[in-house]
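Chain and residue survey
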Amino acid sequence: MAEMRTMPGDEASARFWWTNLAPWLAYLLINLVLLSNYASWTSGMTMICVLLSTALYLVSGAIRHLAQRHGWLDKELGALCWRLLTCVLVGAALVQIAIAAVLRPMLMLGWITLPDGGDFSMGASFGYWINTSIMLGLWVAGWTSWRALRHAREAREARIRAESERQQMQQDALRARLNPHFVFNALNNLRALILEDPQRARELVGRLSNTLRHALGHPRNDAVPLSEEVAVVEDYLAIESVHFEDRLCVLRDIDPATHEALLPPMALQLLVENAIKHGIAVTPGGGELLIRAETLPGLLRLTVENPGTVGHGGDGHGVGLAYLRHVLGRAHGRFALEQSGETVRATLEIPQ
């Protein structure tokens, strides 16, 4: 026999109805205690207290259902207030109509008694309606305030989780950038160049310093100009060209109109690093690395092509690309890694 499962929404609704019993039971007990001090306390007045608390319990639940179903709590304060005020006034009127509809037949049948036979005049009914509106309004104000506080707490917790996730992704991206093999190769090449070509060694030190500075001082901005990313990539490529020499041939097709386009920090760098690590480095004889940047209506498109096969030398889901997908998700961008003949093409599209 299949196991019955309770949906989260059903659990929350059941929890509310049980919790909502507390204020209206307390209201009932308070009314009964107050009425017990009057000599004119009758069975009819006890019935009124029971009916009033029961009706308010049901109406308050109905207001909560309407507010949640139609998303009232997400609306502006003015729109929320007039909707809730309307519910309170209409709900209080329905409560009084329901009580009168029950009491009148019971009085006629003699099942209950009220002082002076009960007062159902317009003036008295208006007073009952006002009192009921006040009680229902207090409940709505309390429930709305509690929901607002709960929403604020959940939003704060979500921001904390998002910040923690962002910091973790930044650390992952830093590990991806500071690949030990890259650093060790750069230092070994630097040691060899110090004696062979001091001028080039000094240039390599500057390039390496810029690369490490960019990695350790990871930008906190959500977006940076493409020209800044290209400068970082040029430093990275200059260091790698010392290691790969003729095995690395870089072709650039960067439209000048794209220089001011914005993209997530390290996006282009990670594409180039992935192309070298899983393409050039594992391909006998190396090959050509193409970097293309172009603008489309409302869009920046970056393309990096390298020889190789998708999945060869890596699964395409490393730390660097995981970070890239994460930041693209926040920027509503698109990333695609596809095979085109003997070439792997990585495409990045970022809305502008």
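For clarity, every value in this text was computed on a predicted model and none was experimentally measured.

Reading the values: rules and limits
Residues numbered from 1 in each chain as written. Predicted model: local features only at pLDDT ≥ 70, side-chain atom pairs only at ≥ 80, totals over all residues. Heavy atoms only, no water. Buried < 20%, exposed > 50% of the residue type's maximum accessible area, 1.4 Å probe, protein only. Helix = DSSP H or I, 4+ residues; strand = E, 2+ residues; numbered from the N terminus. Pairing = 2+ DSSP bridges. Patch = residues over 30% accessible without salt bridge, like charges linked within 9 Å, V, L, I, M, F, W, Y side chains within 5 Å. Areas by Shrake-Rupley, 256 points an atom, 1.4 Å probe, with all protein chains shown as cover. Salt bridge = Lys/Arg side-chain N within 4 Å of Asp/Glu carboxyl O. Phe/Tyr/Trp six-rings, centres within 6.5 Å; stacked < 30°, edge-to-face > 60°. Lys NZ or Arg CZ within 6 Å of the ring centre and 35° of its normal. Core = buried A, V, L, I, M, F, W, Y, C linked by side-chain atoms within 4.5 Å. Contact = heavy atoms within 4.5 Å. Axes fitted to C-alpha atoms, helices over the stretch in contact; angles between N-to-C directions. Polar contact = N/O pair within 3.5 Å; in protein donor to acceptor, adjacent residues only side chain to side chain. Left-handed = near helix turned anticlockwise from the far one by under 90°. Nonpolar A, V, L, I, M, F, W, Y, C, P; charged D, E, K, R; others polar. pLDDT = per-residue confidence, 0-100.

Another point: the pairing of strand β5 (residues 299-307). Among the 9 residues that make up β5, 7 are buried, leaving the element largely enclosed by the rest of the structure. Direction of pairing for strand β4 (residues 287-296) relative to β5: antiparallel, over a ladder of 7 bridges. Bridge pairing in β5 places I291 opposite V304. Pairing analysis gives 9 bridges linking β5 to strand β7 (residues 343-351), with the strands arranged antiparallel. Bridging across to β7, E305 finds its partner in R345.

Next up on the list: a nonpolar patch on the surface. On the surface, F126, I130, I134 and L138 cluster together into a nonpolar patch covering about 390 Å² of accessible area. Within the element layout of this structure, I134 appears in helix α4 (residues 122-177).

Take the packing of aromatic side chains next. Throughout the structure, instances matching the rule amount to 6 aromatic pairs. Look at F16 and W17: their rings are 5.4 Å apart centre to centre, the planes differ by 70°, and that puts the pair in the edge-to-face class. Centre to centre, the rings of F16 and W139 are 6.3 Å apart; their planes meet at 75°, and the pair counts as edge-to-face. Linking F16 in helix α1 (residues 8-35) with W139 in helix α4, this pair joins segments that are 123 residues apart in sequence. In this pair, the class of F16 matches that of W139, namely buried. An aromatic cluster of at least three residues, connected via ring pairs, comprises F16, W17, Y57, W139 and W143. One Lys or Arg, R104, reaches over the ring of F120 and ends 4.4 Å from the middle of that ring.

Turning to its location among the elements, V205 is positioned in helix α6 (residues 198-216). Residue V205 is classed as partly exposed on the basis of its relative accessible area, which comes to 41%. On a C-alpha basis, the gap between V205 and I239 in space is 9.1 Å, while along the polypeptide they are 34 residues apart.

This part covers the nonpolar core. Formed by 42 residues in total, the largest nonpolar core has its most connected members in L263, L268, V272, I276, L289 and L348. When sequence neighbours within four positions are dropped, the list of residues in contact with V272 reads V233, Y236, L237, L289, I291 and V304. Core analysis: the second largest hydrophobic core is formed by 25 residues, C87, V95, L103 and V140 among them.

Judged by pairing direction, the sheet is mixed, and its 5 strands sit side by side in the order β2-β4-β5-β7-β6 without closing on themselves. Sheet topology places β2 (248-254) and β6 (334-340) at the edges, where each strand pairs with a single neighbour. Averaged over all adjacent pairs, the angle separating strand axes in this sheet is 15°, with direction ignored. Its contacts with the sheet put helix α7 (residues 226-244) on β2, β4 and β5, and the angle it makes with β2 is roughly 165°. Strand contacts of helix α8 (residues 267-280): β2, β4, β5, β6 and β7, with the helix running at about 15° to β5, the strand carrying the most contacts.

Considering the arrangement of structural elements, one finds D235 in helix α7. The exposure class of D235 is buried, given its relative accessible area of 11%. Looking at D235, its side chain comes within polar contact range of the side chain of N210, at 3.4 Å. Those residues within four positions of D235 in sequence are excluded, and the remaining contacts are R207, N210 and T211.

Right, let's talk about the pattern of salt bridges for a bit. According to the stated counting rule, one finds 10 salt bridges in the structure shown. Of the charged contacts, one joins E154 and R150 as a salt bridge, the two residues approaching to 3.2 Å between their closest N and O atoms. Within this pair, E154 and its partner R150 are both found in helix α4, separated by 4 residues, close to a single helical turn. Residue E154 is classed as partly exposed on the basis of its relative accessible area of 37%. A relative accessible area of 30% means that R150 is categorised as partly exposed. A salt bridge links D235 to R207, with the shortest nitrogen-to-oxygen separation between them at 2.9 Å. On the criterion of sequence distance, the pair formed by D235 in helix α7 and R207 in helix α6 is long-range, its members being 28 residues apart. For R207, a relative accessible area of 24% translates into the label partly exposed. Residues participating in the shared-partner salt-bridge network are E294, R301, R334 and E349.

This next bit is on the packing of helix α2 (residues 43-69) against helix α3 (residues 77-109). Across the interface, α2 lies against α3 with an axial gap of 9 Å and an inter-helix angle of 145°. Crossing of α2 against α3: the hand is right-handed. Here M47, I48, L51, L52, A55, L56, V59, I63 and L66 of α2 lie close against α3, whose contacting residues are L84, C87, V88, G91, V95, Q96, I99, V102, L103 and M106. Looking at side-chain class alone, the contact of α2 with α3 contains 17 nonpolar, 2 polar and no charged residues.

For the rest of this paragraph, the subject is the confidence of the model for the protein. Low-pLDDT portions of the prediction should not be read for the details of their coordinates. With 86% of its residues at a pLDDT of 70 or more, the protein shows a mean pLDDT of 85. Predicted confidence for residues 1-7 stays below pLDDT 50, and this span has 1 contact to residues more than four positions away or in other chains.

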